[in-house]
Amino acid sequence: MPDQTLETLFYDTLKDIYYAEKRILKALPKMARGAQSSALRDAFETHRDETEGHVERLQQVFELLGKPPRSKTCPAIDGIIEEGEEHLSKFSGSPAMDAGLIAVAQAVEHYEIARYGALRQWASDLGSSEMSKLLDQTLGEEMNTDRILTEVAESDANRSAVETA
């Protein structure tokens, strides 16, 4: 398939992460409402605001690529979000709620980090420092969110789940 170039892969992956970001935007308010600690709730609310910026940046990347913003169903993110919804119903009110929400949120972050890392490098390889810069900005925010979630888990959520068990 000679027409399957890096640009084709880039555009396909861009559609995937665009879908993922839009799904995440819908899931974050539910996760914030389910969080028991204010630190976790704040992290989810802050990341929701950042995610709106991620969607806007992706739209800019589509524009730079000369293509309309389009989504492609992402079964991976759908599965992770489904896991989060299951966790919300199964552990509601339990001491393990926040620890589980963090684990699900970090699965989302790690998926996004992998996607944005690849997209950033591919944009650079395709000769677009502007696209690469936009994607790098989002990658940095995703990595920071992962770090914050780890801090909340280690300083509070995991310990609370163990102490009340």
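Residues take numbers from 1 onward in each chain, read along the sequence in its written order. Totals for whole chains, interfaces and linings use every residue, but because this is a predicted model, local features are given only for residues with pLDDT of at least 70 and side-chain atom pairs only at 80 or more, for both listing and counting. To get the side-chain values, take all heavy atoms of the structure and skip hydrogens and water.

Colleague: Help me out: how do you make sense of the overall build of the chain in this one?
Modeller: Across its full length, the chain holds five helices and zero strands. Each helix is a run of H or I in the DSSP string that is no shorter than four residues. Each strand is a run of E no shorter than two, and both are numbered from the N terminus. Secondary structure elements of the chain, listed N to C terminal, follow the sequence α-α-α-α-α. In terms of overall dimensions, the chain is globule-like: its C-alpha atoms have a radius of gyration of 17 Å, near the 15 Å expected for 165 residues. Seen along its three principal axes, the alpha-carbon backbone of the chain occupies a region of about 60 × 25 × 25 Å. Type-normalised accessible area, obtained with a 1.4 Å probe on protein chains alone, sets the label of each residue: buried when under 20%, exposed when over 50%, and partly exposed for intermediate values. Here the chain holds 165 residues, and 46% of them are scored as buried. Taken over C-alpha atoms, the radius of gyration is set against a globule rule of 2.2 Å times the number of residues to the power 0.38.

Colleague: Mind showing me how you'd approach the pattern of salt bridges here?
Modeller: We define a salt bridge as a side-chain nitrogen of Lys or Arg found within 4 Å of a carboxyl oxygen belonging to Asp or Glu. Scanning all chains against the criterion turns up eight salt bridges. Its salt-bridge partner being Asp16, residue Arg115 comes within 3.4 Å of it at the nearest N-O pair. Of the two residues, Arg115 is situated in helix α4 (residues 97-125) and Asp16 in helix α1 (residues 6-34); the sequence distance between them amounts to 99 residues. The partner of Arg57 in a salt bridge is Glu141, and the shortest N-O contact between them spans 3.1 Å. With Arg57 in helix α2 (residues 38-65) and Glu141 in helix α5 (residues 129-163), this pair connects stretches of sequence that are 84 residues apart.

Colleague: Sorry, what's going on with the side chain of Glu109 here?
Modeller: Structurally, Glu109 can be placed in helix α4. N or O atoms within 3.5 Å of each other form a polar contact, as long as, within protein, one can give a hydrogen and the other can take it, and as long as residues adjacent in sequence are counted only when both atoms are side-chain atoms. Side chain to side chain, Glu109 and His47 meet in a polar contact 3.0 Å long. Those residues in contact with Glu109 that lie beyond four places of it in its chain are His47, Glu142, Thr145, Asp146 and Leu149. Only heavy atoms matter for contacts: two residues are in contact if any of them lie within 4.5 Å across the pair.

Colleague: Can you walk me through the packing of α1 against α4 in this structure?
Modeller: A pair of packed helices is characterised by two quantities: the angle between their axes and the separation of those axes. To obtain each axis, a line is fitted to C-alpha atoms, and for helices this fit is confined to the stretch in contact; angles are then taken between N-to-C directions over 0 to 180 degrees. Running from N to C, α1 and α4 point in directions that differ by 155°, and their axes come no closer than 10 Å. The angle between the axes of α1 and α4 places the two elements in the roughly antiparallel class. Once α1 is placed against α4, the crossing between them reads as left-handed. Class assignment for the residues of the contact of α1 with α4 results in 17 nonpolar, two polar and six charged. Angular relationships are summarised with four words: roughly parallel below 35 degrees, roughly antiparallel beyond 145, roughly perpendicular across 65 to 115, and oblique for the angles in between. Each crossing gets its handedness from the near helix: less than a right angle anticlockwise from the far helix is left-handed, clockwise is right-handed. When residues are grouped by polarity, Ala, Val, Leu, Ile, Met, Phe, Trp, Tyr, Cys and Pro land in nonpolar, Asp, Glu, Lys and Arg in charged, and all others, Gly among them, in polar.

Colleague: Please clarify how the environment of Val55 should be interpreted in this entry.
Modeller: With respect to the helices, strands and loops of the structure, Val55 is situated in helix α2. Residue classification places Val55 among the buried residues on the basis of a relative accessible area of 9%.

Colleague: Help me understand the packing of α1 against helix α3 (residues 75-90) in this model?
Modeller: Here α1 crosses α3 at 10°, and the two axes come no closer than 10 Å. If you check the angle between α1 and α3, you find them roughly parallel. Listed contacts from α3 to Tyr19, Ala20, Arg23, Ile24, Ala27, Lys30 and Gly34 of α1 are Ile77, Asp78, Ile81, Glu85 and Leu88. Taken together, the residues of the contact of α1 with α3 break down into seven nonpolar, one polar and four charged.

Colleague: So what exactly am I meant to see when it comes to the side chain of Thr138 here?
Modeller: Residue placement: Thr138 occurs in helix α5. When residues no more than four places from it in sequence are discounted, the contact partners of Thr138 are Glu21, His54, Arg57 and Tyr116.

Colleague: How should α4 be read in this particular structure?
Modeller: Because an α-helix packs 3.6 residues into every turn, residues spaced three or four apart end up facing the same way. Compared with the 42 Å implied by 1.5 Å per residue over 29 residues, the 42 Å span of α4 between its first and last C-alpha is a close match. Backbone geometry just downstream of α4 places Gly127 in the positive-phi region, at approximately 90°. To estimate how far a helix should extend, the number of its residues minus one is multiplied by 1.5 Å.

Colleague: I'm lost on empty space enclosed by the protein in this one. Help?
Modeller: Over the atoms a probe the size of a water molecule is rolled, and this reveals where empty space is left. Both cavities and pockets are sets of points on a 1 Å grid over the protein atoms alone; in a cavity a 1.4 Å probe fits but cannot get out, in a pocket the set is open with protein on both sides within 12 Å along at least five of seven lines, and lining residues sit with an atom within 4 Å of a point. Grid points are joined across faces, edges and corners, and a volume is the space filled by probe spheres set on the points. Across all of its chains, the model carries two cavities of 30 Å³ or more by this definition. Looking at the largest cavity, its volume works out to about 100 Å³. Taken together, 13 residues line the largest cavity, and the ones lying closest to its centre are Leu28, Phe44, His47, Ala105 and Glu109. Examining the composition of the lining of the largest cavity, we find that four residues originate from one element, α1, more than from any other. Of the residues assigned to the lining of the largest cavity, the class counts are 10 nonpolar, two polar and one charged. In this structure, the second largest cavity spans a volume of roughly 50 Å³. If you trace the second largest cavity, you find it lined by Ala27, Lys30, Met31, Ile81, Gly84, Glu85, Leu88, Val104 and Val108. Every element with two or more residues in the lining of the second largest cavity is listed here: α1, α3 and α4. With four residues, α3 is the single largest residue contributor to the lining of the second largest cavity. Of the residues assigned to the lining of the second largest cavity, the class counts are six nonpolar, one polar and two charged.

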